[in-house]
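The lines below spell out each chain.
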2 protein chains.
Amino acid sequence: MQKNRSEKYHNILDNAGAVFAKYGFYKATISQIASRAGVADGTLYLYFKNKDDILYQYINYKTGIVFDKMNNAVADGKTAEEKFRNLIRCHLQEFQNDRNMAVIFQSEVRYLRDIQSQIKDISKMYLDLLSDIIEQGQIEGAIRQDLFVGLVKRFILGAVEGVISTWVSAGGRYDLVAMADPLVDLYLNGVKEG
Amino acid sequence: MQKNRSEKYHNILDNAGAVFAKYGFYKATISQIASRAGVADGTLYLYFKNKDDILYQYINYKTGIVFDKMNNAVADGKTAEEKFRNLIRCHLQEFQNDRNMAVIFQSEVRYLRDIQSQIKDISKMYLDLLSDIIEQGQIEGAIRQDLFVGLVKRFILGAVEGVISTWVSAGGRYDLVAMADPLVDLYLNGVKEG
DNA sequence: TCATGGAATGAATTTATATTCATTCAAAAA
DNA sequence: TTTTTGAATGAATATAAATTCATTCCATGA
C-alpha cells in the first residue's frame, strides 16, 4: 500500500486541487489539504516548499497536460476549420473532464497572472495556436482577410472561457462538449441573418 | 477641508479599490487602505463592518453605476443592432474609465461568485439585456432564428470580458473603446469568408 | 532479533494582520 | 472660556494558520 514518491506527490496535488477548488486558494488551509490527502500537515513540506508552491505545481502540472492535448488536437486537423473545431472541442473536453482544474483556472486569475512569467502560459500557447490557424484559414480562403487578428484571438478565447465559466457556475450539470459545434458555428458565421 | 460622512465613505472606498486592484483582496491589508485614504486603521471600522464588507460595498457601489449606464445605453438605441452596439461600447467605455474596477471584477471572480446572491448581479442583468436584444433582433429579421440563445449570450459576454481582460493585462495602454466596432462586426458576421 | 536511516508526524512556534477600545481631539454650544 | 459630544486615533489584543523540528515510526538488512 505504500506509494512511491511520485504517487504521493500526485496524491497531494490532486487533493490540494479539490480543496483549492472548493474553498479558493486563500481560504483553503494546509490542514484541510493534508487531512484530505491522508497525511500529516508537516508531510506537505517534504514535497512542497510552501503553500504557494502547491498551487504553482498544480497549475504547472495541469497546464502541461492540457498543453499537449491541445497541440495534438490541432495537429490532427487538416484544414483550418478542422483544426479550429478540434481545438475548441478539446478545450471543452479537458475542462469538463477535470472540474477542479476548471474552477481553479477560472477563480485564481490573480494568482495566475502573478506567476504567468515563470510558468508554461496556457493562454499564450492557445493564442499562438489560433494565430497559426487563422493564418492558414486566410491562405485557404476560408477566413476573412479584413480581420484584426489580435482581437479575433482574444474574442475566441474569451468566449470559450465564458462558456466554461457558466458551466462551472451551473455545477457542471450539462454536457459542455455538446457546446463545441454551436460555438464554432457562432465564431464562423456570427449571429446576423443572411 | 473636513468631509461629510458620504465623502469620507467614498474616499475610503476609492482607495480601497486602488489597493485591492494592486495587491488583490487577500494580500491587501487594512493598514494599506487606511494609510492610502489618509485615516487611521480604526476609522475604517466606523464606516465598514469588516474587511469583507469593504469589498462588498465597493462592488455593490460600482455595480449600481455600471448597471444604470448600460440600461440607458440600450434604451438609447432603436434597432436591435443599435442597442447591441451601444451596450458593447458602453461596457468597454465604463471599464476603460475605471481600471481599478476592471481589475477587481476580473480578479475577484471567486469572491464575486460567493456574494452574487446578495448583490445586484451585473452578469445577470447583462444577460437579460442581451436576451431582449436578441429577441427583438429576431423579430426584426436582423438576427438568425436558429440560435441557442443561452449559448449566444455567454458567448457575447465572455468575448467582451476576454477583450477587457487582455487590455487590463497590457496595463490599459491602448484605447479599449476602439475595439467596440470590430468586436460587434465579429459577433454579427463571424470570421468566415463570404 | 537488533540496529540503522530516511520518511512521517503533529504539537509547538512564529508570524501576520484583522479587529477592538481606552484615549484624544476638535467643533459647536453654552 | 468652558463644556459637551461624537468622531478619529493607533497601540494593544486576539486569532488564525503557515511553518518548523524534535520525536516517532517502520522498512530493510545485518
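In the block above lies the structure referred to throughout.
We now turn to the structure provided with this report. For every chain, the first residue of its written sequence is number 1, and the numbers climb from 1 along that sequence. By the order in which they are written, chains take letters starting at A while ligands take numbers starting at 1. Per-residue local features are limited, in this predicted model, to residues with pLDDT of at least 70; the limit for side-chain atom pairs, both in listing and counting, is 80 or more; totals at the level of whole chains, interfaces and linings are taken over all residues. With hydrogens and water excluded, all non-hydrogen atoms of the structure serve as input to the side-chain values.

As for the overall build of chain A
Part 1 of the argument: The helix and strand labels rest on DSSP assignments: H or I over at least four residues marks a helix, E over at least two residues marks a strand, and numbering proceeds from the N terminus. In terms of helices and strands, chain A carries 10 helices and 0 strands.
Part 2 of the argument: Of the regular secondary structure in chain A, the N- to C-terminal order runs α-α-α-α-α-α-α-α-α-α.
Part 3 of the argument: Seen through its principal axes, chain A has C-alpha atoms that stretch 60 × 35 × 30 Å.
Part 4 of the argument: Taken over 194 residues, chain A has a buried fraction of 53%.
Part 5 of the argument: In what follows, residue pairs with any heavy atoms lying within 4.5 Å of each other are defined as contacts. At a minimum sequence separation of 6, the contacts of chain A that also span at least 24 residues come to 69%.
Part 6 of the argument: Accessible area for chain A stands at about 8800 Å²; split by element, carbon and sulfur atoms hold 49% of it.
Part 7 of the argument: Treating the 24 positive side-chain charges of chain A as one cloud and the 24 negative ones as another, the clouds have centres 6 Å apart. Throughout, exposure labels follow a simple rule: accessible area from a 1.4 Å probe, protein chains only, divided by the maximum for the residue type, with under 20% read as buried, over 50% as exposed, and the rest as partly exposed. Only the protein chains shown count as cover for residues, with accessible areas throughout obtained via the Shrake-Rupley method and a probe of 1.4 Å. Positive: Lys, Arg. Negative: Asp, Glu. His and the chain ends are not part of the count. Where a charge lies is defined by one atom per residue type, namely NZ (Lys), CZ (Arg), CG (Asp) and CD (Glu).

Points about the relation of the copies chain B and chain A
Part 1 of the argument: Alignment of copies: least-squares fit on C-alpha atoms of residues with pLDDT of at least 70 in both copies. Of the transformation superimposing chain B on chain A, the axial component is 0.0 Å and the angular component is 180°, with the fit at an RMSD of 0.0 Å. Here the copies are linked by what is in effect a two-fold axis.

Focus on the pattern of salt bridges
Residues and elements named next belong to chain B.
Part 1 of the argument: Salt bridges are defined by distance alone: a side-chain nitrogen of Lys or Arg within 4 Å of a carboxyl oxygen of Asp or Glu. If you walk through the whole model with that rule in mind, you get 16 salt bridges over all chains.
Part 2 of the argument: Note that K69 and E94 form a salt bridge whose closest N and O atoms lie 3.8 Å from each other. With K69 in helix α4 (residues 51-76) and E94 in helix α5 (residues 80-97), the pair connects residues that are 25 residues apart, well separated along the chain.

A few points about the interface of chain B and chain A
Reports often express the size of an interface as the amount of accessible area lost when the parts come together.
Part 1 of the argument: Listed as interface residues are 46 residues of chain B and, on the opposing side, 46 residues of chain A.
Part 2 of the argument: Once two parts are joined, some of their accessible surface, as seen by a 1.4 Å probe, is lost; buried area is that loss totalled over both. Roughly 4200 Å² of surface becomes buried between chain B and chain A when both sides are summed, with 58% attributable to carbon and sulfur atoms.
Part 3 of the argument: Taken together, the links from chain B to chain A amount to 2 salt bridges.
Part 4 of the argument: Between R144(B) and D185(A) there is a salt bridge whose closest N-O contact spans 2.7 Å.
Part 5 of the argument: Two N or O atoms form a polar contact when they lie within 3.5 Å of each other; inside protein one atom must be a possible hydrogen donor and the other a possible acceptor, and for residues adjacent in sequence the pair counts only when both atoms belong to side chains. At the junction of chain B and chain A, the tally comes to 24 residue pairs in polar contact (both at pLDDT 80 or more).
Part 6 of the argument: Breaking the side of chain B that touches chain A down by element, the ones donating at least two residues are α1 (5-23), α6 (99-107), α7 (109-115), α9 (149-169) and α10 (180-189) of chain B.

Observations regarding the protein's contact with DNA strand C
Part 1 of the argument: Looking at DNA strand C, there are 15 residues lining it, with K8(A), A40(A), T43(A), I30(B) and Y45(B) nearest.
Part 2 of the argument: Taking the atoms of DNA strand C that fall within 4 Å of the protein, sugar and phosphate contribute 70% of them.
Part 3 of the argument: At a separation of 2.5 Å, a phosphate oxygen of DNA strand C approaches a polar backbone atom of I30(B).
Part 4 of the argument: In the environment of DNA strand C, a phosphate oxygen lies 2.9 Å from a nitrogen or oxygen atom belonging to the backbone of K51(B).
Part 5 of the argument: Each residue belonging to the surface near DNA strand C can be placed in one class, and the counts come to 7 nonpolar, 6 polar and 2 charged. When we say a residue is near a molecule or strand, we mean one of its heavy atoms is within 4 Å of it. Ten residues, namely Ala, Val, Leu, Ile, Met, Phe, Trp, Tyr, Cys and Pro, are considered nonpolar, four, namely Asp, Glu, Lys and Arg, are considered charged, and the remaining ones, Gly among them, are considered polar.

A few points about the side chain of K62(A)
Residue and element names in this part refer to chain A.
Part 1 of the argument: Structurally, K62 is set in helix α4 (residues 51-76).
Part 2 of the argument: Reaching out from K62, the side chain makes a polar contact with the side chain of D98 at a distance of 2.8 Å.
Part 3 of the argument: Contact partners of K62, with chain neighbours within four places excluded, come to D14, D98, M101 and F105.

A word on the protein's contact with DNA strand D
Part 1 of the argument: Of all residues adjacent to DNA strand D, which total 15 residues, the nearest are I30(A), Y45(A), K8(B), A40(B) and T43(B).
Part 2 of the argument: Atoms of DNA strand D within 4 Å of the protein: sugar and phosphate make up 70%, bases the balance.
Part 3 of the argument: In this structure, a phosphate oxygen belonging to DNA strand D sits 3.0 Å away from a main-chain N or O atom of K51(A).
Part 4 of the argument: Elements with a minimum of two residues in the surface near DNA strand D: α3 (41-47) of chain A together with α3 (41-47) of chain B.
Part 5 of the argument: Counting residues per element, the surface near DNA strand D draws most heavily on α3(B), which supplies 4 residues.
Part 6 of the argument: Across the surface near DNA strand D, the residue classes break down as 7 nonpolar, 6 polar and 2 charged.

Some points on α4(B)
Part 1 of the argument: Here a helix's expected span is defined as the number of its residues, less one, multiplied by 1.5 Å. In this model, α4(B) (26 residues) spans 38 Å end to end at C-alpha, consistent with the 38 Å of a helix rising 1.5 Å per residue.
Part 2 of the argument: For α4(B), the side-chain oxygen to backbone nitrogen distance between the N-cap and D52(B) is 3.3 Å, and the N-cap itself is N50(B).

Here we look at the nonpolar core
Part 1 of the argument: We define a nonpolar core as any set of buried Ala, Val, Leu, Ile, Met, Phe, Trp, Tyr and Cys residues linked to one another through side-chain atoms lying within 4.5 Å. Counting 142 residues, the largest nonpolar core has I88(A), Y187(A), I88(B) and Y187(B) as the members making the most contacts within it.
Part 2 of the argument: Look past the residues within four positions of I88(B) in its chain and what remains in contact with it is Y126(B), I156(B), V160(B), A180(B), L183(B), V184(B) and Y187(B).

From the geometry alone we can't say anything about function, so treat these as descriptive.
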